[in-house]
Amino acid sequence: EKENREQQRLQSRLCRIKHKIIVLSGKGGVGKSMVAVNLAISLARSGKRVGVLDVDIHGPSIPTMLGLENEKLHGDGNDLLPISYGNLMVMSIGFVLNNHDEALIWRGPRKIAAIKQFLADVAWGDLDCLVVDSPPGTGDEVLSVCQLIDNLDGAILVTTPQKIAAIDVRKTVTFCRRLQVPILGVVENMNGFVCPKCGEITSILPEGEGRKIAQDMEIPFLGSIPIDPDIAWAGDRGSPFLEQFADSRTAEIMNRVVAPL
Ligand code: ADP
């Protein structure tokens, strides 16, 4: 009974959102949240009404990346109201899990229940586009997110260029196909290093696996983003890279990667 009501609440919210994109990765730490934030910024810049939803229950990093760690949540009855960042609407499960340092040690079903209630509670209103930063991997948590937010327009898969990470992309592709979530493409992050002095991009690690796997599995390859100290800096300072370093060469590359979306 309660579950049905929750599902209905969620449906009535989701039907007011025109497009829903989820950002997935086989592993943590590959730049999934970085891609989600900058994609949302780029979409919002084109005048669309955009929301970014962080459901990465074990490592919600969107509040830090947007400098919103200390924001207080506002509710209205059962509704959770998103926080504004410029013209971007932001909601993170990190706002709800109030103690930053306390590791989440809930068992599976409790986590899934928390995700479910969280999704049903956020009052987005009308949006053109919602960008979802999912938990990493292909476990129960991301499965629930993909099943609860049905009618996803598609998924963006983020990987690093090494074989070790790219193997997990295959799993993520299989996961999407099984759930019938269309794959919008693969982004290979941390391919090459941008010299902070001269701006030249040097290759430092084995690379190219992301592109190879995209070809093998017949999914679009959206492009590669280099390791750029300014990306890490922007993430830590809470000012999105595409805003802070809009004129840099890496920003140009990033804009090209997200342009088809
Ligand atoms: P995930 O969401 O996959 O766990 P994040 O997006 O949180 O990964 O990225 C992990 C860390 O690496 C963050 O501090 C982020 O700012 C940094 N980072 C991500 N991509 C790059 C990059 N291309 N160059 C430099 N730092 C990056």
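Residues numbered from 1 in each chain as written. Predicted model: local features only at pLDDT ≥ 70, side-chain atom pairs only at ≥ 80, totals over all residues.

This part covers the overall build of the protein chain. The helix and strand tally for the protein chain stands at 11 helices and 11 strands. For 261 residues, the compact-globule estimate of 2.2 N^0.38 gives 18 Å, and the C-alpha radius of gyration of the protein chain, at 18 Å, lies within 12% of that figure. Along the longest, intermediate and shortest principal axes, the C-alpha atoms of the protein chain span 55 × 35 × 35 Å. Taking all 261 residues of the protein chain together, 42% fall into the buried category. Counting only contacts in the protein chain whose residues sit at least 6 apart along the sequence, the fraction spanning at least 24 positions is 79%. (Helix = DSSP H or I, 4+ residues; strand = E, 2+ residues; numbered from the N terminus. Rg over C-alpha atoms; globule rule 2.2 N^0.38 Å. Buried ≥ 20, exposed ≤ 12 C-beta atoms within 10 Å, placed from the backbone. Contact = placed C-beta atoms within 7 Å.)

The subject of this paragraph is the site of the ligand. Neighbouring the ligand are 18 residues, the closest being Gly31, Lys32, Ser33, Met34 and Gly235. Every element with two or more residues in the shell around the ligand is listed here: helix H2 (32-45), strand S9 (183-194), strand S11 (221-227) and helix H9 (229-237). The residue makeup of the shell around the ligand, split by class, is seven nonpolar, nine polar and two charged. (Near = placed C-beta within 6 Å. Nonpolar A, V, L, I, M, F, W, Y, C, P; charged D, E, K, R; others polar.)

This part takes up unusual backbone geometry. Phi at methionine 190 takes a positive value of approximately 70°, unusual for a residue other than glycine. Mapped onto the fold, methionine 190 is located in strand S9. A tally of 24 C-beta atoms within 10 Å means that methionine 190 is categorised as buried. Residue glutamate 218 is not a glycine yet carries a positive backbone phi of 55°. Residue position: glutamate 218 is located in the loop between helix H8 (209-216) and S11.

It is worth spelling out the UniProt feature "binding site: ATP" (unreviewed entry) in the protein chain at this point. Residues given the UniProt feature "binding site: ATP" (unreviewed entry) here are Gly26, Lys27, Gly28, Gly29, Val30, Gly31, Lys32 and Ser33. Examined against the element boundaries, glycine 31 turns out to sit in the loop between strand S1 (17-25) and H2. Excluding residues within four positions of it along the chain, glycine 31 makes contact with Val158, Asn189 and Met190. On the secondary structure map, lysine 32 appears in helix H2. Take lysine 32: there are 27 C-beta atoms within 10 Å of it, and that puts it in the buried class. (UniProt positions renumbered as here; feature names shortened; annotations may be inferred.)

Turning next to the confidence of the model for the protein chain. Looking at the protein chain as a whole, its pLDDT mean stands at 92, while 98% of the residues score no less than 70. Predicted complex metrics record ipTM = 0.99 and pTM = 0.96. (pLDDT = per-residue confidence, 0-100.)

Among all positions of helix H11 (residues 249-258), only Thr250, Ala251, Met254, Val257 and Val258 are buried. Buried residues of H11, viewed axially, fall in a sector of 115°; they line one side. Exposed positions of H11 whose direction lies more than 90 degrees from the buried face are Glu252 and Arg256. (Arc of directions from axis to C-beta.)

Turning our attention to the pairing of S9. Both strand S8 (residues 154-159) and S9 contribute to a ladder of five bridges, which runs parallel. Counted as the bridge partner of valine 158 is valine 187 from S9. Bridging between S9 and S11 involves five bridges; their strand directions are parallel. Its bridge partner lying in S11, glutamate 188 is registered against serine 224. Direction of pairing for S9 relative to strand S10 (residues 201-202): antiparallel, over a ladder of two bridges. Following the sheet pairing, phenylalanine 193 is matched in S10 by threonine 202. Where S9 hands over to S10, the hairpin turn is made up of six residues, of which glycine 199 adopts a positive phi near 80°. (Pairing = 2+ DSSP bridges.)

We now examine the packing of helix H1 (residues 2-14) against helix H5 (residues 108-121). Packing of H1 against H5 brings their axes to within 8 Å, and their N-to-C directions diverge by 45°. By the criterion of interaxial angle, the relationship of H1 to H5 is oblique. Once H1 is placed against H5, the crossing between them reads as left-handed. Counted together, Glu6, Arg9 and Leu10 of H1 and Lys116, Gln117, Leu119 and Ala120 of H5 form the full contact between these two elements. For the contact of H1 with H5, the class distribution of residues is three nonpolar, one polar and three charged. (Axes fitted to C-alpha atoms, helices over the stretch in contact; angles between N-to-C directions. Parallel < 35°, antiparallel > 145°, perpendicular 65-115°, else oblique. Left-handed = near helix turned anticlockwise from the far one by under 90°.)

For the rest of this paragraph, the subject is the environment of isoleucine 22. Along the chain, the position of isoleucine 22 falls in strand S1. In this structure isoleucine 22 comes out as buried when scored by C-beta crowding, with 25 C-beta atoms within 10 Å. Considered as a pair, isoleucine 22 and glutamine 215 are 193 residues apart in the sequence and their alpha carbons are 21 Å apart. For isoleucine 22, the contacting residues outside a window of four places in its chain are Val132, Ser134, Cys146, Leu152 and Ala155.

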